[in-house]
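A look at the structure
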Amino acid sequence: MTRLYSISHQYVEYIPEHLLPGVLYISKRFRTASHLCCCGCGMKVVTPLNPAKWSLTDYGPNVSLSPSIGNWNHPCRSHYFIIRNHVRWAGKMSQRQVAAVRQRDHIDVERHAKGKNVVAHLSEIFKRWFK
Ligand SMILES: [Zn+2]
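This report concerns the structure included in the present document.

What counts and how
Residues take numbers from 1 onward in each chain, read along the sequence in its written order. Since the coordinates come from a predicted model, pLDDT governs what is reported: local features require at least 70, and pairs of side-chain atoms require 80 or more to be given and counted, while whole-chain, interface and lining totals use all residues. Here the side-chain values reflect all heavy atoms present in the structure, with hydrogen atoms and water set aside. Partly exposed residues are those whose accessible area sits between 20% and 50% of the maximum for their type, while under 20% is buried and over 50% is exposed, using a 1.4 Å probe and protein chains only. Here a helix means four or more residues in a row that DSSP labels H or I, a strand means two or more in a row labelled E, and each is numbered from the N terminus. What makes two strands pair is DSSP finding at least two bridges between them. Here, nonpolar core refers to any group of buried Ala, Val, Leu, Ile, Met, Phe, Trp, Tyr and Cys residues whose side-chain atoms link them within 4.5 Å. Any two residues whose heavy atoms approach within 4.5 Å at even a single point are treated as in contact.

**A short note on the pairing of strand S6 (residues 63-70)**
Within a regular strand, the side chains alternate between the two sheet faces. Buried residues dominate S6, accounting for 7 of its 8 residues. When strand S5 (residues 55-58) meets S6, the two strands line up antiparallel, connected through 4 bridges. Among the inter-strand pairings, Ser 55 is bridged to a residue of S6, identified as Ser 66. Two successive antiparallel strands, S5 and S6, enclose a turn made up of 4 residues, where Gly 60 displays a positive phi of approximately 100°. Sheet topology places S6 next to strand S7 (residues 79-83); 3 bridges connect them, and they run antiparallel. Considered in S7, the bridge of Ile 69 is made with Tyr 80.

**Here we look at the nonpolar core**
One finds Leu 24, Leu 65, Ile 69 and Tyr 80 to be the most contacted residues of the largest nonpolar core, which totals 18 residues. Contributing elements (two or more residues each) for this core: strand S2 (23-27), S6, S7 and strand S8 (86-89). The element contributing the most residues to this core is S6, with 3 residues. If we skip the residues at most four places from it in the chain, Leu 24 touches Ile 7, Ser 8, His 9, Gln 10, Ala 33, Ser 34, His 35, Leu 56, Val 63 and Leu 65.

Purely geometric numbers; function is a separate question.
Okay, here's the thing in structure tokens:
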């Protein structure tokens, strides 16, 4: 599997059923973004765009997604940041860290009463690490 180090972005009305690797599909209408895991494993990663989940910053030629993408539920357990269309790889998390993030995510989801998602996101601590 080949890791990607950059990704392009594409605004769409509907997220297509079949995604191309290396493309971040963004639907403003449905407030969500989707891409195939940047490790090359082919898993679809869904990142809802709302205050409890991810935020997208559009710089014009490129975009950032925050916080990082942590695919704990996928076999690859990839963890990376999408910053201005660059994929910045981060270390894999330990079971304990994953559990902590899941716990926090659970609380966030309850707080914001938003539906289920397959991807968890990182704590403030990890965001600070990579600043
Ligand atoms: Zn992967």
